[in-house]
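An overview of the molecular structure
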Amino acid sequence: MRTRFLRFLSAWGLSALGFVAGVRADVLLDDTWADGTRTNQNLPVESAWWFSYSAATAHTNSLFVPMRSDNTALLGITYFTDGTTNPITLAVGESLTVSLRLALSNVPVQNALLGWRAGFFDFADSSLSPKRVSADGFSNSSQGSGVQGYALFLNMGTNFNDQVPMHLLKRTGLSNSSLLGASAAWTELGVPLFVQTADFPGFTDGEEYLWQMTLERTNATTIVVSTLWSNTISGETMSYSQTDGSATNFSFDGLALRPLNTNTAAAGYTLLEARIDYAAIPRDGFANVGYTTTGGKGGPVVTVTDASSLSNYLNQPGRYIVQVKGTINLGVDDFPVGANKTIVGLGTDATLVGDLYIVNDSNVIVRNLYFTNPSNLGEGDGITIRNSDHVLVDHCTFTDCADGEFDMTVASDYITVSWCKFNYTFDSGHNFVNLLGADDADIVDTGRLHVTFHHNWWSTLCHERMPRVRYGRVHSYNNYFNAPGNNYCVRAALESQTFLEQNWFENVKTPWEKFITTGTTGLVNAVSNVFVNVTGQSDPGTDTVFTVPYLYTPDDTSGLPFAITNNAGAARPGPPLSMALTATNVVFSWTTNVPGFLVQYSDYPAAANWLNDSTPVEVVGDQNTITEPTDQAARFFRLIKP
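Keep in mind that this is a model prediction, so the values were computed, not measured.

The subject of this paragraph is the overall build of the chain. In terms of helices and strands, the chain carries three helices and 52 strands. Every one of the 642 residues in the chain was classed for burial, and the buried ones make up 59%.

When you line up the elements, Asn-155 lands in the loop between strand 10 (148–154) and strand 11 (166–171). By relative accessible area, Asn-155 is classed as buried at 2%. A distance of 3.0 Å separates a polar side-chain atom of Asn-155 from the backbone oxygen of Leu-113.

Strand order in the open sheet made by the seven strands is 3-6-17-9-10-11-12, with antiparallel pairing throughout. Edge positions in the sheet fall to strand 3 (49–51) and strand 12 (186–188), since each has one partner strand and no second. Geometrically, the sheet is characterised by an average inter-axis angle of 25° between neighbouring strands, direction not taken into account. Relative to strand 17 (residues 254–259), strand 6 (residues 76–79) is paired through four bridges, and the arrangement is antiparallel.

Turning to the confidence of the model for the chain, a few remarks are in order. Here the chain shows a mean pLDDT of 87. Residues at 70 or above account for 88%. In this model, residues 1–25 is a region of pLDDT below 50 whose contacts with residues beyond four sequence positions or in other chains number 111 contacts.

Right, let's talk about the environment of Phe-200 for a bit. Looking at the secondary structure, you find Phe-200 in the loop between strand 12 and strand 13 (208–219). With relative accessibility at 0%, the residue Phe-200 sits in the buried group.

This paragraph deals with the packing of aromatic side chains. Summed over all chains, the structure comprises 34 aromatic pairs. On the basis of an interplanar angle of 20° and a centroid distance of 6.3 Å, the ring pair of Trp-49 and Phe-51 is categorised as stacked. With respect to burial, Trp-49 and Phe-51 carry one shared label: buried. A ring pair is formed by Phe-80 and Phe-120, whose centres lie 5.9 Å apart and whose planes are at 90°; its orientation type is edge-to-face. Of this pair, Phe-80 sits in the loop between strand 6 and strand 7 (88–89) while Phe-120 sits in strand 9 (residues 116–122), and the two are 40 residues apart along the sequence. One exposure class covers both Phe-80 and Phe-120, and it is buried. One aromatic cluster in this structure is built from Phe-371, Phe-398, Phe-406, Phe-422, Phe-453, Trp-458, Phe-481, Phe-505, Trp-512 and Phe-531. One residue, Lys-421, lies across the ring of Trp-457, its end atom 4.2 Å from the ring centre. When the ring centre of Phe-515 is taken as origin, the NZ or CZ atom of Arg-491, which lies over that ring, is 3.8 Å away.

Pairing is parallel across the open sheet formed by nine strands, whose spatial order is 21-24-27-30-33-36-39-42-45. At either end of the open sheet lies a strand with only one pairing partner, and these are strand 21 (327–329) and strand 45 (530–532).

Definitions and cut-offs
- Residues numbered from 1 in each chain as written.
- Predicted model: local features only at pLDDT ≥ 70, side-chain atom pairs only at ≥ 80, totals over all residues.
- Heavy atoms only, no water.
- Helix = DSSP H or I, 4+ residues; strand = E, 2+ residues; numbered from the N terminus.
- Buried < 20%, exposed > 50% of the residue type's maximum accessible area, 1.4 Å probe, protein only.
- Polar contact = N/O pair within 3.5 Å; in protein donor to acceptor, adjacent residues only side chain to side chain.
- Pairing = 2+ DSSP bridges.
- Axes fitted to C-alpha atoms, helices over the stretch in contact; angles between N-to-C directions.
- pLDDT = per-residue confidence, 0-100.
- Contact = heavy atoms within 4.5 Å.
- Phe/Tyr/Trp six-rings, centres within 6.5 Å; stacked < 30°, edge-to-face > 60°.
- Lys NZ or Arg CZ within 6 Å of the ring centre and 35° of its normal.

Here you go:
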């Protein structure tokens, strides 16, 4: 029986968040071996797994795969489409993501080989005959003829051999019959300089890991390939991404893995879940390049009102959705956040005083919060991000932070800042808002600091750094710059590239400038921006910069000032709400004197994508109402202004 419970996010918390597009997403496979079998093809709940020898055994809710007793390689294959001629073909903006939850047995010590290999493949269009295996016992060096695909080659050990444990490759030697056994059949996508994160030194026996790999088609000839490993207990993560700019094949129907031997990979694998997701959705900026930033989705939902409880949940291993109620003083030190967390404010006044410190982390979402730090607590910022990736900060308000209001430095990467407001109430002499890259000497930032700013509002007494960029690749679109008395808005410094698209600059000086202290100056490409009462502009903004690697649709600039000033920042008051619960239904009501609100629902409060509720809105007396049955899965509702 499904849960008789509905959750409601009142308009006092989230009414002004703006419209979020619907999602087209399909779960192609989500196998947990619930029935204890491994050879059934009953998509999406089961897929048949075949191995080059038959020792793999399914148990209720797991599949155990041991290496061969003669210590030779193992090849395993499963398929996530029906039939042999209908692979999934990615259109621009679409992606495939594999997620494997697994525990490892007898991990070897530090070794120099890339002994664990796995990836996506297109068997349907190959020259194989037959196209698919249908029984155990095939050669571990077969199934490669004519097969295209992408794979991760991983150095697996209790400690890594070097700082580059992960390599992403494209299969280019299609005449080679060995699918994952012949390195010569593969071409590396880029040359990794540094992959290993400081908190993920290697693999541990018996601990549960999540491995994800995403293929995302970003234009006619480009696939972004990304991978993530996460220790689901400790929260330790490492991730890596590369781009194939000359892709010709966009079709895939199978997943294969091939551990080499027990000297270079674990001796046994207990698979707990195998999931394949197909998504055709607009990605919300760089935070979702490589894999979808989900924060604490799927973890417990908790509410906190004090710093001790907040710290406890933010630093628990695993996923958590942490709801902040009221004002919390974070204390004099940096306030750390763990990986795989969502922090979301409840109501209209959820406030953090101090410096929220996102360091050495991955997969963090921050929403609907006020940040202030006038007393220079911690590093003096509202949020500091260092050496962290895939972070989404959305609908937050930053006021009177002593240093930067929100700074991103030291090898941070894949960040989106959306629908936020930045402002000051007094001139401290250091009203410097967003620093990307702290120092010219931080060469670790090379190739990193991919950041998207969209629908943000730089407002009263913001003087500089909106943002100031070293090394990074910044896409700034549909933002509103209205900060009279400023010095400059955007500064492109050492080796940076900034793409300014369809922004509105009003009552400001110098919308953008190039600046050099050492090395090579930054580049600016500025397209279709609007200028109202602007002075001091000189650079034409005609440089050639990076290609945006995600799907997005800029809004028409004519409506930006109204849309952003009415919707950017932490929650605005909405219409009065009430909720009445009966034995079978719950009725949500709000007054009709605030028109134009839309009802949406989602499965957790900080979701990136909400769906429009199809329940008809009725007028009863002086109220709008909707009636929902309580006999359904747990669900969050909200009102928004489209």
